[in-house]
Amino acid sequence: MKDKIKNTKTLEDLQKLYSDTFGKNGTMTLQLKNMANLSNDERAAINAENSELRQLFKEKQNELELAALNAKLATEYVDVTLDNEPQNHGTLHPLTQSLKELSAILESFGFTLCTGPEIEDDWHNFTALNTPEYHPARDMQDTFFLKNGNVMRTQTSAIQIRAMEKIGAPIKIFAIGSTYRKELDATHSAMFGQMEGLYVDKNITMSDLVATLRNLLSRFFEREIEIRIRPSYFPFTEPSIEFDMKWDKGKWIELGGAGMVHPNVLRNCKINPDEYQGFAFGFGWDRMAMLKYGLNDIRAFYDGDVRWLKNSGF
Ligand code: FA5
């Protein structure tokens, strides 16, 4: 038996031999069962053989397992110098990425996200924003009109109205959303993203507005950004400004519009302009994404071309 164990070549054969010896009707099992009538010496001999055989089985098992492992290692090694299989990881769209970054910054400034519908009624998109019918400023934005008199939202400023109607004053909100205008070239898209900020409270001034814009841009572009404000006109702000930021080679880039909320707008939302005042700003955040990530055609954002997304560094 001892030789048999020693000469076993495979784990399967060893397993079989083990069952034949220690299984239910195994040779050793039967011997151990029938020891009752044997002398002490005979019992001691059987017990000793039992222990010795178990030990031998164990050693042989270890030896065969090690041999099996070594055989496996010899064939199944990993060549870490080989090129890996190409991996297709999904990434966030540059617009989604920028949107998340801008939202996180505004939230850290204490602004709360508000939303509104993309199909707007005339009141929220124009009239409440101090742009009644026949107001010449309606021509400033090339609007898509729907048959029922509603419009595709031309500006996220409509959300200002919805938020003030709902929350009243004081209020500190931002809004992000798609806006629509009949425009299409490399820097204008018929659908584009706007981001709006609104802060109405007692004693809010233009310098709060300028500081908010400068800090927002500096945080987004991860460096100190110089901004310039120019007088402008929007029916819903007075005074109104446009703001630019200084970019490569001292070039100024126009980002958006802003100003102090017009008293008529506050009144339209049942806020007393003698008690409250505030600022609002709005800009195309897909333009900011283009600048941050060095992209030059706004239309590519919306084409859904995976090859472009891969090459845009994302
Ligand atoms: C407005 O839409 C105002 N609602 C902004 C505002 C908000 C002023 C709050 C005051 C207070 P304007 O039409 O200039 O303003 O558009 C703002 C920005 O949106 C532009 O500076 C530009 O960055 C972006 N934008 C406008 N039209 C397009 C377009 N067709 N494609 C891409 N971006 C556009």
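Above: the structure in question.
Quick notes on the rules
- Residues numbered from 1 in each chain as written.
- Predicted model: local features only at pLDDT ≥ 70, side-chain atom pairs only at ≥ 80, totals over all residues.
- Heavy atoms only, no water.
- Pairing = 2+ DSSP bridges.
- Helix = DSSP H or I, 4+ residues; strand = E, 2+ residues; numbered from the N terminus.
- Axes fitted to C-alpha atoms, helices over the stretch in contact; angles between N-to-C directions.
- Buried < 20%, exposed > 50% of the residue type's maximum accessible area, 1.4 Å probe, protein only.
- Salt bridge = Lys/Arg side-chain N within 4 Å of Asp/Glu carboxyl O.
- Polar contact = N/O pair within 3.5 Å; in protein donor to acceptor, adjacent residues only side chain to side chain.
- Contact = heavy atoms within 4.5 Å.

Comments concerning the sheet that holds strand β1 (residues 112-114)
Consideration 1: Taken in spatial order, the seven strands line up as β1-β4-β5-β9-β8-β7-β6 in an open sheet, and their pairing is mixed. The open sheet terminates on both sides in strands that have one partner only, identified here as β1 and β6 (227-234). Neighbour to neighbour, the strand axes of the sheet diverge by 25 degrees on average, direction disregarded.
Consideration 2: Where β1 lies against strand β4 (residues 171-180), three bridges are found, and the strand directions are parallel.

Observations concerning the pairing of strand β9 (residues 277-284)
Consideration 1: Of all eight residues making up β9, seven are buried, and the element is well covered by its neighbours.
Consideration 2: Here eight bridges tie strand β5 (residues 191-201) to β9, and the two strands are oriented antiparallel to one another. The residue bridging glycine 197 from the neighbouring strand is phenylalanine 281, located in β9.
Consideration 3: Summarising the sheet, strand β8 (residues 252-261) and β9 pair through five bridges and their orientation is antiparallel. Counterpart to glycine 256 in the pairing with β9 is phenylalanine 283.

Thoughts on the pattern of salt bridges
Consideration 1: If you walk through the whole model with that rule in mind, you get 12 salt bridges.
Consideration 2: Among the ionic pairs, lysine 292 bridges to glutamate 101, the shortest N-O distance being 2.6 Å. With lysine 292 in helix α10 (residues 285-293) and glutamate 101 in helix α5 (residues 94-108), this pair connects stretches of sequence that are 191 residues apart.
Consideration 3: A salt bridge links arginine 230 to aspartate 244; its shortest N-O distance comes to 2.7 Å. Of the two residues, arginine 230 sits in strand β6 while aspartate 244 sits in strand β7 (residues 237-246), which places them 14 residues apart along the sequence.
Consideration 4: The structure contains a network of salt bridges with shared partners spanning Arg228, Arg230, Glu242 and Asp244.

Some points on the side chain of threonine 29
Consideration 1: Looking at where threonine 29 falls in the secondary structure, it is placed in helix α3 (residues 27-33).
Consideration 2: Reaching out from threonine 29, the side chain makes a polar contact with the backbone oxygen of glycine 23 at a distance of 2.6 Å.
Consideration 3: In this view, threonine 29 contacts Thr21, Phe22, Gly23 and Lys24; residues no more than four positions away in its chain are not counted.

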